[in-house]
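Below, each chain spelled out in residue letters.
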Amino acid sequence: MTTPQPLRAIGDLAKSARAAGFDGLLFTETGRTAYLNAAVAAQAAPGLELSTGVAVAFPRSPFVTAATAWELQEATAGRFRLGLGTQVRTHVVRRYGAEFEHPGPRLRDYVLAVKACFAAFRTGTLDHHGEFYDLDFITPQWSAGPIDAPDPLVDVAAVNPWMLRMAGEVADGVHVHPLGEPGYIARHVMPGLAEGAAKSGRSIDDIAVIVPVMTIVGDTDEERHRERELVRTSMSFYGSTPNYAFIWDEAGFEGTTARIREKQKAGDYAGMAAQITDEHIAAFATESTWDGLSDALHRRYGHTATRLVLYNALADPERLERYGAVAQRLSAPG
């Protein structure tokens with residue numbers, strides 16, 4: 001996982017990730033766009049699997065998103081996954097200037113509209129009529145046209161039960177939240193996906209479960225301490241979102257979000273991180289020596305995750321190769 005980088009830098013990062021042994025790169029979307037980074041990475045390091053994880057859906061029309069994903073799928077020879085999410089109201093309305101009402105149903109319709117656009121690029125007929133998007137006009141001049149690759153797979157970010165059921169019903173995969181510890185995945189993610197998949201006549205095995213994992217790894221206490229503090233800060237950032245409060249509560253840490261938000265409102269960022277105890281970290285992150293990390297991750301996620309995204313593997317360029325070796329062991333058959 002990486003936040004988008006300056007375009008002049010992303011090519012070297014992609015080459016380094018491939019050389020280290022990673023299967024691919026997943027691009028979040030912050031101030032820079034995930035799609036442009038993916039395009040540069042596709043040219044710099046052919047063979048990498050690339051994914052947006054996740055791109056913000058609503059500020060872009062479904063057609064624009066579909067056309068962008070289509071070109072990236074062609075550029076990667078079929079190794080691109082389109083990951084979409086809603087973001088939160090403040091960002092979508094006040095930063096992007098886009099609609100946000102009914103975000104769950106809107107994203108469901110958006111995914112179906114994107115897939116209708118994929119079909120239109122192959123057939124020349126666009127025919128989607130949903131609750132939020134009506135698309136029925138395309139001409140050869142304005143179509144991307146067929147490509148020599150399958151349609152891009154479309155994944156969505158989901159946290160609450162309704163969104164998980166929706167992902168199982170209409171998407172090809174789900175991006176689990178970085179706070180998605182194994183208990184949450186077992187209680188909510190897998191049952192929700194299974195229920196949604198059954199609604200559309202599919203099996204849960206048809207849905208990719210994409211899990212970002214926060215790791216604390218090192219062969220000395222000093223190494224692990226430094227990474228532990230980075231993870232503590234990341235968890236406090238995510239833990240400040242009210243919609244995620246139930247994840248903490250169900251894991252036995254009731255009131256965590258309220259305590260973090262109190263510090264956040266006071267501008268006390270160190271105090272926010274201080275609300276994340278070592279017990280929180282033990283439950284939500286994976287801590288290990290280098291030799292034991294792949295086995296530790298497999299024990300925690302091997303029975304649920306389709307693919308693991310190493311959340312902080314690129315945070316330290318000097319350790320990239322060591323994380324790459326872990327990724328290779330995780331990808332090895334058996």
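Located above this text is the structure these notes cover.
Residues numbered from 1 in each chain as written. Predicted model: local features only at pLDDT ≥ 70, side-chain atom pairs only at ≥ 80, totals over all residues. Heavy atoms only, no water.

Undergrad: Tell me what's going on with the nonpolar core, and back it up with residues and numbers.
TA: The biggest cluster of nonpolar side chains holds 103 residues, and the ones touching the most others in it are F22, L50, L107, V189 and M235. Among the elements that line this core, the one with the most residues is helix α5 (residues 103-123), at 10 residues. With sequence-adjacent residues up to four places away left out, L107 is seen in contact with A57, F58, L84, T86, V156, M163 and M166. (Core = buried A, V, L, I, M, F, W, Y, C linked by side-chain atoms within 4.5 Å. Buried < 20%, exposed > 50% of the residue type's maximum accessible area, 1.4 Å probe, protein only. Helix = DSSP H or I, 4+ residues; strand = E, 2+ residues; numbered from the N terminus. Contact = heavy atoms within 4.5 Å.)

Undergrad: Describe the environment of E250, with residues and values.
TA: In this fold, E250 is placed in helix α9 (residues 245-250). According to the relative accessible area criterion, E250 is partly exposed, its value standing at 37%. Separated by 100 residues in the primary sequence, E250 and P150 place their C-alpha atoms 40 Å from one another. Excluding anything up to four places from it in sequence, E250 contacts R187 and H188. Of the polar contacts made by the side chain of E250, one reaches the side chain of H188; its length is 2.8 Å. (Polar contact = N/O pair within 3.5 Å; in protein donor to acceptor, adjacent residues only side chain to side chain.)

Undergrad: Kindly report on helix α6 (residues 161-170), identifying the contributing residues and their values.
TA: Summarising burial for α6: 7 of the 10 residues are buried, a large majority. What α6 keeps buried is the set M163, L164, M166, A167, G168, E169 and V170. Its buried side turned inward, α6 meets α5, β7 (153-157), β8 (173-175) and α7 (182-199). Between the side-chain oxygen of the N-cap and the backbone nitrogen of W162 there are 3.1 Å, and the N-cap of α6 in question is N160.

Undergrad: So what's going on with the packing of aromatic side chains? Residues and values would help.
TA: Per the stated rule, a full pass over the model turns up 12 aromatic pairs. Measuring from centroid to centroid gives 6.3 Å for F58 and Y110, while their planes differ by 65 degrees, and the two rings are edge-to-face. You can see F58 sitting in the loop between β3 (55-56) and α3 (62-75) and its partner Y110 sitting in helix α5, a full 52 residues away along the chain. Y110 carries the same exposure label as F58, and that label is buried. These aromatic residues form a ring-pair network of at least three members: F58, F100, Y110 and Y133. The aromatic ring of F58 is capped on one face by R106, whose charged end is 5.8 Å from the ring centroid. (Phe/Tyr/Trp six-rings, centres within 6.5 Å; stacked < 30°, edge-to-face > 60°. Lys NZ or Arg CZ within 6 Å of the ring centre and 35° of its normal.)

Undergrad: Report on the pattern of salt bridges, specifying residues and quantitative values.
TA: The tally for this structure, following the rule as stated, stands at 17 salt bridges. Residue R89 is joined to E101 by a salt bridge in which the shortest nitrogen-to-oxygen separation is 2.9 Å. Here R89, found in helix α4 (residues 89-95), pairs with E101, found in the loop between α4 and α5; they are 12 residues apart in sequence, far enough to count as distant. One connected set of salt bridges, linked through shared partners, spans D221, R224, R228 and E287. (Salt bridge = Lys/Arg side-chain N within 4 Å of Asp/Glu carboxyl O.)

Undergrad: How would you sum up α7? Please name residues and give values.
TA: Taking 1.5 Å per residue as the helical rise, α7 with its 18 residues ought to reach 26 Å, and the 25 Å between its terminal C-alpha atoms agrees with that figure. Taken as a whole, α7 carries its principal kink of about 25 degrees at V189; the proline P191 stands between one and four residues after it. As for α7, its buried residues are in contact with α6, β8, β9 (208-213), α9 and α13 (293-301). The distance from a side-chain oxygen at the start of α7 to the backbone nitrogen of G183 is 2.8 Å, and the residue carrying that oxygen is E181. Positive backbone phi, at 75 degrees, marks G201, one or two positions downstream of α7. (Expected span 1.5 Å × (residues − 1). Bend = angle between axes of the 7 residues up to and from the residue.)

Note that all results are geometric; they support no functional claim without further evidence.
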